[in-house]
Amino acid sequence: MATSLPKKIPDLKLQAAEDVEPVYRLERGNMQKPIYQYSATVIKIIDGDTITVAIDCGFRIAFATPLRMNGINAPELKTDAGKKALAYIQTLIAVGDTISIKTFKDPRDKYGRWLADVFTASGENVNQAMVDSGNAVFYA
C-alpha cells in the first residue's frame, strides 16, 4: 500500500538577518539592515576592506565573489597605511578561514562587489575591529 503525501507541506521558516539583533555598533544615519546571513570561506584578502569568499548557499552549492566590507573604508593598498591595514586584517581572518557574513538589501557597490558585515568564527565583527584599530574609517 502506498503512503499518501501530506495535504499541506509545513511552512519553512528562513531566518533573515534582519530578524536577528545586530551585534555591531557601526553608527551611520543611513545604515541598511542586513538581509541574509551566510557561512563563507575566505579565498583571498585583497586589501583592508575587500575580500573574496566562497559563500555556502547550502545543498552543496557555493558562490565565489568579492565582498566590500560594509560601512568602512581602508586606505589604498599602494600606501603604507594600506599595507598596514592589510597586515591587520590578516591577523583577524586568513585564507581558508570559515567566517560569517551579513549581506544587505542594496547588495552591490559601484564596482560590482557585494556589501557585507564580516564576522570571525568566534563572532568578532571584522568591520568594527578595522575601525577600532585605526586601520579603516566609517564610510557612508
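Before going into details, it helps to say that this report is about the structure given with it. (Residues numbered from 1 in each chain as written. Predicted model: local features only at pLDDT ≥ 70, side-chain atom pairs only at ≥ 80, totals over all residues. Heavy atoms only, no water.)

Things to note about the pattern of salt bridges
All chains considered together, the criterion is met by one salt bridge. R68 is paired through a salt bridge with D49; the nearest N and O atoms lie 2.7 Å apart. Within this pair, whereas R68 is found in strand β3 (residues 61-69), its partner D49 is found in the loop between β1 (34-47) and β2 (50-58), the two being separated by 19 residues in sequence. Relative accessible area serves as the criterion here: at 4%, D49 is assigned to the buried category. (Salt bridge = Lys/Arg side-chain N within 4 Å of Asp/Glu carboxyl O. Helix = DSSP H or I, 4+ residues; strand = E, 2+ residues; numbered from the N terminus. Buried < 20%, exposed > 50% of the residue type's maximum accessible area, 1.4 Å probe, protein only.)

A few points about the environment of A87
Of note, A87 is situated in helix α1 (residues 80-92). On the basis of relative accessibility, which here comes to 41%, the residue A87 falls in the partly exposed class. The spacing of A87 and I45 is 42 residues in sequence and 9.9 Å in space, taken between C-alpha atoms.

Quick notes on α1
Every α-helical turn comprises 3.6 residues, leaving residues that sit three or four positions apart pointing alike. With 13 residues, α1 should cover 18 Å at 1.5 Å per step; its first-to-last C-alpha distance of 19 Å lies within 8% of that length. Of all the positions in α1, only G82, A85, L86, I89 and L92 are classed as buried. What you see down the axis of α1 is that its buried residues fit within an arc of 115°, all on one side. Across from the buried face of α1, at angles greater than 90 degrees, the exposed residues are D80, K84 and T91. (Expected span 1.5 Å × (residues − 1). Arc of directions from axis to C-beta.)

As for the environment of A62
Here A62 is to be found in strand β3. Given a relative accessible area of 57%, A62 falls into the exposed group. Placed 22 residues apart in sequence, A62 and A40 show a C-alpha to C-alpha distance of 8.5 Å.

A word on the nonpolar core
Grouped together as the largest cluster of nonpolar side chains are 24 residues, with contacts concentrated most on I51, I89, I93, I99, V126 and M130. Secondary structure elements with two or more residues in this core: β1, β2, β3, α1, β5 (98-108), β6 (114-119) and α2 (126-132). Among all residues touching V126, those that are not within four sequence positions of it are M69, I89, L92, I93, V118, F119 and T120. (Core = buried A, V, L, I, M, F, W, Y, C linked by side-chain atoms within 4.5 Å. Contact = heavy atoms within 4.5 Å.)

Some points on the pairing of β2
Taken together, the eight bridges between β2 and β3 define a ladder with antiparallel strand orientation. Within the sheet, the bridge partner assigned to G58 lies in β3 and is I61. (Pairing = 2+ DSSP bridges.)

What is shown is where atoms sit, not what they do.
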